Number of protein chains: 4
Amino acid sequence: MKHQSIKRDWKARLHEVIYEADTPAGKIFDIALLVIILISVALVMMESVTELYVQYATEFYWAEWVITAIFTVEYILRIISIRRPKAYIFSFYGIVDLLSTLPSYLSFFMGGANLLFAIRALRLLRVFRVLKISRYIGESNRLMEALRNSRAKILVFLFAVVIICVITGTLMHLIEGETGGFSNIPLSIYWCIVTLTTVGFGDIAPVTPLGRFIASVLMITGYGIIAVPTGIVTSEFNKADGAHKNTNTQHCPVCNEQDHLNEAEFCHNCGNRLNAE
Amino acid sequence: MKHQSIKRDWKARLHEVIYEADTPAGKIFDIALLVIILISVALVMMESVTELYVQYATEFYWAEWVITAIFTVEYILRIISIRRPKAYIFSFYGIVDLLSTLPSYLSFFMGGANLLFAIRALRLLRVFRVLKISRYIGESNRLMEALRNSRAKILVFLFAVVIICVITGTLMHLIEGETGGFSNIPLSIYWCIVTLTTVGFGDIAPVTPLGRFIASVLMITGYGIIAVPTGIVTSEFNKADGAHKNTNTQHCPVCNEQDHLNEAEFCHNCGNRLNAE
Amino acid sequence: MKHQSIKRDWKARLHEVIYEADTPAGKIFDIALLVIILISVALVMMESVTELYVQYATEFYWAEWVITAIFTVEYILRIISIRRPKAYIFSFYGIVDLLSTLPSYLSFFMGGANLLFAIRALRLLRVFRVLKISRYIGESNRLMEALRNSRAKILVFLFAVVIICVITGTLMHLIEGETGGFSNIPLSIYWCIVTLTTVGFGDIAPVTPLGRFIASVLMITGYGIIAVPTGIVTSEFNKADGAHKNTNTQHCPVCNEQDHLNEAEFCHNCGNRLNAE
Amino acid sequence: MKHQSIKRDWKARLHEVIYEADTPAGKIFDIALLVIILISVALVMMESVTELYVQYATEFYWAEWVITAIFTVEYILRIISIRRPKAYIFSFYGIVDLLSTLPSYLSFFMGGANLLFAIRALRLLRVFRVLKISRYIGESNRLMEALRNSRAKILVFLFAVVIICVITGTLMHLIEGETGGFSNIPLSIYWCIVTLTTVGFGDIAPVTPLGRFIASVLMITGYGIIAVPTGIVTSEFNKADGAHKNTNTQHCPVCNEQDHLNEAEFCHNCGNRLNAE
């Protein structure tokens with residue numbers, strides 16, 4: 001019985017260190033993990049540079065081993081310390097954590113397949129969990145909320161953008177043909193997206209006068225309608241900010257007047273003292 | 001007489017399925033149509049890719065036949081089921097529907113002319129009608145209204161943009177001449193639009209120091225004045241949102257007037273005291 | 001005496017036609033002038049296209065004669081019909097009008113110098129005067145006012161942009177050297193402006209890793225700080241719109257309450273009838 | 001004793017001229033300094049143009065000597081005239097001032113090293129100090145404040161942008177491989193930043209259909225999410241503007257409290273009745 005309780009206690013303490021960030025140990029754990037994640041992503045990037053890989057192949061190999069070992073231990077600890085391991089294993093971060101270690105094992109045994117490479121870059125997603133310690137998560141939530149509220153409007157906008165690109169792309173394919181590189185409709189639509197979003201790579205560019213005229217109209221359209229998502233999001237931010245601007249939620253105990261300024265001590269309607277909050 | 005009524009009944013039911021989306025049958029019809037439209041547009045796109053066309057020419061031919069047949073039947077049903085067929089035939093969507101089938105017949109009999117290709121892409125416009133079923137149409141209306149309200153300001157802005165491009169384009173033609181590819185004024189104006197809208201293909205670029213200086217001024221101008229349409233549209237969205245901000249939802253108990261200011265104690269329309277909320 | 005009065009009368013009528021747009025004759029004059037200006041600018045553009053010039057040299061020559069003659073007559077009439085000709089001649093539009101005719105005469109006598117070409121494009125500026133007839137001038141004034149109010153903020157912003165470009169440009173010149181085309185500092189600054197404003201021609205592009213890293217920082221900076229002019233102008237538009245939103249300036253004759261809704265007939269504070277405005 | 005006082009007086013007068021801009025002498029000093037800074041930066045730029053350097057090497061040499069001498073004298077005077085020279089020497093502007101002269105001396109004695117070149121461009125930073133004379137500093141402060149307030153939100157946004165670029169960059173490296181120039185992950189991430197920020201150099205561009213599809217999604221994302229920083233900053237500007245919008249300028253006759261709501265009849269601070277305006 002006592003053994004049980006000690007074991008549970010040990011698990012609870014481990015859970016606090018790994019999943020929470022309130023204790024000093026929890027903070028140190030999170031920061032250490034953050035550093036290891038960033039190092040591992042940097043290694044994945046550097047490994048892809050041929051010159052570096054040729055020179056430091058052995059070092060990359062051993063560094064990968066060490067990081068995979070750390071992540072494996074962490075993954076096992078996470079499963080042990082939580083009450084319902086299944087809930088963790090099949091959660092978004094559980095899968096990301098698994099994908100952070102599995103590809104390395106596979107590549108050790110099967111030889112480094114290219115696709116496994118990409119999956120290792122997903123380790124960067126783990127950064128998001130660690131960042132829960134930071135005060136930025138509140139800001140991030142407010143950003144997400146504003147974006148969520150304007151989702152419907154933004155989808156309508158993006159749909160209109162796609163329609164414009166499909167129709168203009170077909171037109172450009174007919175007008176320019178092979179000469180400017182508009183050799184098929186999907187490629188022309190790709191060019192329209194490049195142009196409307198004002199990216200403009202220049203690998204494909206119209207050469208006929210009519211094609212250039214249509215391109216001009218498309219560019220000015222793209223330049224003008226960028227105002228639409230901006231207007232939507234800005235208005236959403238304003239709404240969120242303006243909801244309770246400067247005034248608080250207290251009611252006057254005498255006349256029940258609302259919307260008092262934050263610094264108000266007396267009701268502006270009847271002159272009676274407001275309750276201290 | 002009875003036969004007549006049954007026929008009218010049959011027409012009314014058909015009308016409900018085809019033109020409305022309130023009944024289950026109507027919804028299924030709309031979704032099926034949406035899928036066929038998207039497939040037909042995808043086919044038009046894929047047909048334009050030479051490699052695919054060479055390999056699957058027969059398949060494209062038969063798919064086009066089937067889709068054209070479906071659209072033809074649908075077009076005939078639309079004409080039959082409506083009370084005033086002329087109003088439909090000459091409406092925007094009536095013409096789009098006709099253009100969705102006609103080019104196929106023409107190309108079957110005349111050989112696939114290129115222009116007919118483009119017209120078939122207009123089928124995508126039909127998507128807009130089907131989308132009336134979605135809740136996004138309300139959002140889309142509000143977007144359109146905000147754009148309509150700011151139309152005059154945006155036209156003035158676009159006109160200023162065109163003037164800037166014409167004058168700078170002429171200047172660039174004189175300064176750069178043939179060297180940078182600024183071989184005539186319309187081309188230079190095209191380049192100015194590419195630059196001012198921050199697209200920047202790079203197929204034409206200034207090479208003289210003075211030309212580059214003017215290009216810099218033009219780019220900074222373009223970068224700065226994008227604020228103008230954005231400001232216009234955002235302010236329009238804010239107005240739409242703020243229209244009923246300082247007013248509440250209470251109705252006057254005497255004259256039923258709405259939109260009273262939050263601090264109003266008497267109705268601004270008839271002068272009677274408002275109920276305390 | 002009578003002769004004098006008739007002459008003055010004739011001048012006044014002419015003045016009304018040329019300078020005002022209230023009478024039918026004035027409107028017709030303005031629209032005709034607008035058409036001629038647009039044609040003349042179109043001709044200047046087409047003349048610069050070598051293929052067109054080679055083929056239609058004679059037609060261009062005569063069209064230019066006719067337009068110059070019309071503009072000359074108009075210019076003389078403008079001087080005759082106004083009371084203080086000097087005020088007109090040295091005004092902005094007076095100089096633009098003179099520059100619309102003079103270059104043609106000079107090129108007839110001296111041979112078509114290139115610079116004269118450009119000056120003829122200034123004819124487009126005349127369009128602005130004619131547009132006074134349109135309702136868009138009001139919108140244009142409000143746009144200009146919003147821009148004027150935010151002038152100081154925008155200048156500070158542009159100054160910061162220039163400083164960033166000069167310092168980053170010097171850095172890029174040192175890092176990239178000749179390889180990427182960053183052969184001197186002014187050119188590197190030009191590239192920085194191209195990049196910061198998100199134009200991105202691609203005629204010059206960094207090739208060293210460090211140069212690409214600095215370019216990335218510069219691009220993200222440019223992408224982020226475009227929010228600043230937009231924020232400035234939008235907030236200015238909001239201020240202009242919000243100044244008298246929905247409420248009018250009438251005071252209640254009894255309790256002197258202000259900020260009544262536009263449709264209010266009774267004071268919302270004391271319930272007494274408001275004066276009709 | 002008297003000698004001391006005169007010396008202190010002389011120092012105080014010098015301090016006023018150099019550090020303040022209230023007296024005519026101070027203004028003249030600041031404007032002269034501004035002109036010299038701009039000339040010196042222009043010289044640094046022109047020196048980097050090979051053609052100019054070859055032709056005017058001697059002139060550049062002497063101009064550099066003169067400017068360095070002036071800056072040296074100014075630097076010494078700044079140290080002499082201030083009470084606590086250490087505070088100045090180790091301040092931001094103190095270091096910038098030192099870096100404006102030191103590199104020239106080093107290059108005179110050691111031969112013109114390239115890095116010294118760059119440091120001389122930092123002279124431009126001195127412009128900011130001189131600009132304290134202008135009224136723009138107020139605007140600049142308000143801009144900085146709005147940016148500071150939205151710092152947390154903007155950092156979250158930029159962090160999200162970097163994550164998107166890292167993951168998309170890894171994907172593009174795998175999909176495109178060497179063909180389109182996506183030869184390693186850091187380079188692919190660089191390309192993603194170029195694309196997401198809508199710069200689009202075009203030196204690297206996807207060539208496979210899947211790569212182009214992902215590029216399209218990335219571009220539309222970049223085009224859409226530019227609304228986020230804009231919304232943040234605009235809403236911040238609005239807040240700054242709106243802080244005192246619903247409040248009026250009346251002072252409480254008893255406690256002199258300000259910022260009363262427009263509809264307030266009693267002071268919210270002391271509860272006494274406000275004067276009717």
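Keep in mind that what you see is a predicted model, and the values were worked out from it rather than measured.

1. Overview of the overall build of chain A
Link 1 in the chain: Looking only at helices and strands, chain A features 12 helices and 0 strands.
Link 2 in the chain: Along chain A, helices (α) and strands (β) appear in the sequence α-α-α-α-α-α-α-α-α-α-α-α when read from the amino end.
Link 3 in the chain: A burial count over chain A gives 47% of its 277 residues as buried.
Link 4 in the chain: In chain A, of all internal contacts separated by at least 6 residues, the share reaching a separation of at least 24 is 53%.
Link 5 in the chain: Accessible surface for chain A amounts to roughly 13900 Å². Of this, 65% is attributable to carbon and sulfur atoms.

2. Section: the confidence of the model for chain A
Residues and elements named next belong to chain A.
Link 1 in the chain: In this model, chain A carries an average pLDDT of 78, and 75% of its residues clear a pLDDT of 70 or more.
Link 2 in the chain: Mean pLDDT per element in chain A: helix 6 (residues 114-121) is the minimum at 68, and helix 10 (residues 185-196) is the maximum at 92.
Link 3 in the chain: Two summary scores accompany this predicted model of the complex, namely pTM at 0.80 and ipTM at 0.77.

3. A few points about the packing of helix 10 (residues 185-196) of chain D against helix 11 (residues 209-225) of chain D
All names here are of chain D.
Link 1 in the chain: Interaxial distance between helix 10 and helix 11 falls to 8 Å at its minimum, and their mutual angle equals 50 degrees. For the element pair helix 10 / helix 11, the angle class is oblique. In this structure, helix 10 contributes Trp191, Cys192, Thr195 and Leu196 to the contact, and helix 11 contributes Ala215, Leu218, Met219, Thr221 and Gly222.
Link 2 in the chain: Here the contact of helix 10 with helix 11 is built from residues that sort into 6 nonpolar, 3 polar and no charged.

4. Some points on helix 3 (residues 50-81) of chain C
Helical geometry note: an α-helix holds 3.6 residues per turn, so side chains three or four residues apart project in the same direction.
Residue and element names in this part refer to chain C.
Link 1 in the chain: Across its 32 residues, helix 3 extends only 41 Å between first and last C-alpha, which sits more than 12% below the 46 Å expected from 1.5 Å per residue.
Link 2 in the chain: The sharpest bend along helix 3 measures roughly 85 degrees and falls at Tyr56.
Link 3 in the chain: For helix 3, the complete set of buried residues consists of Phe60, Glu64, Ile67, Thr68, Phe71, Glu74, Tyr75, Arg78 and Ser81.

5. Focus on the pattern of salt bridges
Close approach of charged atoms allows side chains of opposite charge to pair.
Link 1 in the chain: In total, this model carries 12 salt bridges over all chains according to the counting rule given.
Link 2 in the chain: The salt bridge involving Glu74(B) is made with Arg78(B); its shortest N-O contact spans 2.6 Å. Taken together, the residues Glu74(B) and Arg78(B), both in helix 3 (residues 50-81) and 4 residues apart, mark about one turn of the helix.
Link 3 in the chain: Judged by its relative accessible area of 5%, Glu74(B) is buried.
Link 4 in the chain: Two residues, Arg123(C) and Glu64(C), come together in a salt bridge whose shortest N-O distance is 3.0 Å. One end of the pair, Arg123(C), is in the loop between helix 6 (114-121) and helix 7 (126-130); the other, Glu64(C), is in helix 3, and 59 residues separate them in sequence. For the residue pair Arg123(C) and Glu64(C), the accessibility class agrees, reading buried in each case.
Link 5 in the chain: Through salt bridges with shared partners, one network takes in Glu74(A), Arg78(A) and Asp97(A).

6. Section: the interface of chain B and chain A
Link 1 in the chain: The interface of chain B with chain A comprises 47 residues on the first partner and 46 residues on the second.
Link 2 in the chain: Here chain B meets chain A over a buried area of about 3900 Å², counting both sides, of which 75% is carbon and sulfur.
Link 3 in the chain: Scanning the region where chain B abuts chain A turns up 0 salt bridges.
Link 4 in the chain: Between chain B and chain A we count 3 residue pairs in polar contact (both at pLDDT 80 or more) in total.
Link 5 in the chain: Only helix 2 (24-47), helix 6 (114-121), helix 7 (126-130), helix 8 (136-149), helix 9 (151-176), helix 10 (185-196), helix 11 (209-225) and helix 12 (227-242) of chain B provide two or more residues apiece to the side of chain B that touches chain A.
Link 6 in the chain: A per-element tally of the side of chain B that touches chain A places helix 12 of chain B first, with 7 residues.
Link 7 in the chain: Across the side of chain B that touches chain A, the residue classes break down as 31 nonpolar, 10 polar and 6 charged.

7. What to know about the relation of the copies chain B and chain A
Link 1 in the chain: Mapping chain B onto chain A calls for a screw motion: a turn of 90 degrees about the axis and a shift of 0.0 Å along it, with 0.1 Å RMSD after fitting. One copy is carried onto the other by what is essentially a four-fold rotation axis.

8. Side note on a nonpolar patch on the surface
Link 1 in the chain: Residues Trp10(A), Ile76(A) and Ile80(A) make up a contiguous nonpolar surface patch of roughly 270 Å² in combined accessible area.
Link 2 in the chain: Inspection of the secondary structure assignment puts Trp10(A) in helix 1 (residues 2-19).

9. Describing the packing of aromatic side chains
Link 1 in the chain: Scanning the entire structure with this criterion turns up 32 aromatic pairs over all chains.
Link 2 in the chain: A ring pair is formed by Tyr61(B) and Trp62(B), whose centres lie 5.6 Å apart and whose planes are at 85 degrees; its orientation type is edge-to-face.
Link 3 in the chain: Looking at Tyr61(B), the relative accessible area reads 40%, which means it is partly exposed.
Link 4 in the chain: Pairing Tyr53(C) with Phe60(C) gives two aromatic rings, centres 6.4 Å apart and planes at 15 degrees, and the pair type is stacked.
Link 5 in the chain: The buried category is assigned to Phe60(C), whose relative accessible area is 5%.

Calculation rules
Residues numbered from 1 in each chain as written. Chains lettered and ligands numbered in written order. Predicted model: local features only at pLDDT ≥ 70, side-chain atom pairs only at ≥ 80, totals over all residues. Heavy atoms only, no water. Helix = DSSP H or I, 4+ residues; strand = E, 2+ residues; numbered from the N terminus. Buried < 20%, exposed > 50% of the residue type's maximum accessible area, 1.4 Å probe, protein only. Contact = heavy atoms within 4.5 Å. Areas by Shrake-Rupley, 256 points an atom, 1.4 Å probe, with all protein chains shown as cover. pLDDT = per-residue confidence, 0-100. Axes fitted to C-alpha atoms, helices over the stretch in contact; angles between N-to-C directions. Parallel < 35°, antiparallel > 145°, perpendicular 65-115°, else oblique. Nonpolar A, V, L, I, M, F, W, Y, C, P; charged D, E, K, R; others polar. Expected span 1.5 Å × (residues − 1). Bend = angle between axes of the 7 residues up to and from the residue. Salt bridge = Lys/Arg side-chain N within 4 Å of Asp/Glu carboxyl O. Buried area = accessible area lost by both parts, 1.4 Å probe. Polar contact = N/O pair within 3.5 Å; in protein donor to acceptor, adjacent residues only side chain to side chain. Least-squares fit on C-alpha atoms with pLDDT ≥ 70 in both. Patch = residues over 30% accessible without salt bridge, like charges linked within 9 Å, V, L, I, M, F, W, Y side chains within 5 Å. Phe/Tyr/Trp six-rings, centres within 6.5 Å; stacked < 30°, edge-to-face > 60°.

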